[in-house]
Structure formats: structure tokens, C-alpha cells
Amino acid sequence: MGALRFLNNEKELIKLSRVGIEKNTFNLILQETGLTLKEMSDFIHLTSRTIQLKKNNDRLPANASEKVLFIARLYKRGQEVFGDDEKFRRWICTENVAMGGVEPKSYLDTFQGIQLLMDELIAIEHGFVV
């Protein structure tokens, strides 16, 4: 996620969350996370068509942008914890007993769910198996 350096800057994230991210940035995040347009649009509660109709420099709504940025940050953290993005993507797409028997990815539609996954990554990083 080298092209998304702003994920490490709290003030930049707040700014982007307030004004909305450009469709170009959204597409870059899709590419970096490996999520499909359909998956991400479901998570952020916007239709795929709404996103597709935007021009590359048009901005997504602030609330949707904030969730996209939180998801991107989760993926970045997951890649750090697992050591590479393929291992993290396998984990997030595999049913998990600690996550209630569902794919962790299914929690990406709420901020509380994203935080739950962040907490799980911290536990994994510290060797705790929940």
C-alpha cells in the first residue's frame, strides 16, 4: 500500500474523510485491497452504479469515504501483521471460529466491525488466539 502513504497520517485521514475521497483514490484502494467494486459498495452502502457514474476526480460522500479509508487502513495493518497481503486476504476471506464462524470480511460494513477486526489483528500480532 505504498501509494496510500496518507493512511499513516491521522490529520490527512480526517481531512479526506471530511471532504470525501476522489474516485481515483477509491479505485486505488480497491486495487490495493483486492476488494471488488460490488464488495466495497456493499460495505459502504453506495450502489456500484453510483460509483461508476462518477468521474475520476469526483468525490465520494464523506461518510462513505471515511469507511473506505478505515477499510484501507485495516488492510494495511493486516498486511503488516501477516507479513504479506496474500496471507491476510486468505485470513479475512476464511470462516473463523473467533469471528463467530463467519468470514472476517463480513464485518466490514460497520465501523464497529472494522474495529473488531483491528482488535483481532492486535491479538494475532501478540500471539493470542481467541
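We now turn to the structure provided with this report. (Residues numbered from 1 in each chain as written. Predicted model: local features only at pLDDT ≥ 70, side-chain atom pairs only at ≥ 80, totals over all residues. Heavy atoms only, no water.)

**Regarding the packing of helix H5 (residues 62–82) against helix H7 (residues 111–125)**
Argument step 1. At a minimum axis distance of 10 Å, the contact between H5 and H7 shows a crossing angle of 10°. One element, H5, and the other, H7, form an angle in the roughly parallel class. Pair H5 / H7 crosses with left-handed handedness. The residues of H7 that touch H5, namely those facing Glu66, Lys67, Phe70, Ile71, Arg73, Leu74, Arg77, Gly78, Val81 and Phe82, are Phe111, Ile114, Leu117, Met118, Leu121, Ile124 and Glu125.
Argument step 2. The residue makeup of the contact of H5 with H7, split by class, is 11 nonpolar, one polar and five charged. (Axes fitted to C-alpha atoms, helices over the stretch in contact; angles between N-to-C directions. Helix = DSSP H or I, 4+ residues; strand = E, 2+ residues; numbered from the N terminus. Parallel < 35°, antiparallel > 145°, perpendicular 65-115°, else oblique. Left-handed = near helix turned anticlockwise from the far one by under 90°. Contact = heavy atoms within 4.5 Å. Nonpolar A, V, L, I, M, F, W, Y, C, P; charged D, E, K, R; others polar.)

**Overview of the nonpolar core**
Argument step 1. Grouped together as the largest cluster of nonpolar side chains are 34 residues, with contacts concentrated most on Phe26, Met40, Ile44 and Leu108.
Argument step 2. For this core, the elements supplying multiple residues, two or more each, are helix H1 (10–19), helix H2 (23–33), helix H3 (37–44), H5, helix H6 (85–92) and H7.
Argument step 3. Take this core: its biggest share by element is nine residues, from H5.
Argument step 4. With residues up to four places along the chain from it excluded, the contact list for methionine 40 reads Phe26, Ile29, Leu30, Leu35, Val68 and Ile71. (Core = buried A, V, L, I, M, F, W, Y, C linked by side-chain atoms within 4.5 Å. Buried < 20%, exposed > 50% of the residue type's maximum accessible area, 1.4 Å probe, protein only.)

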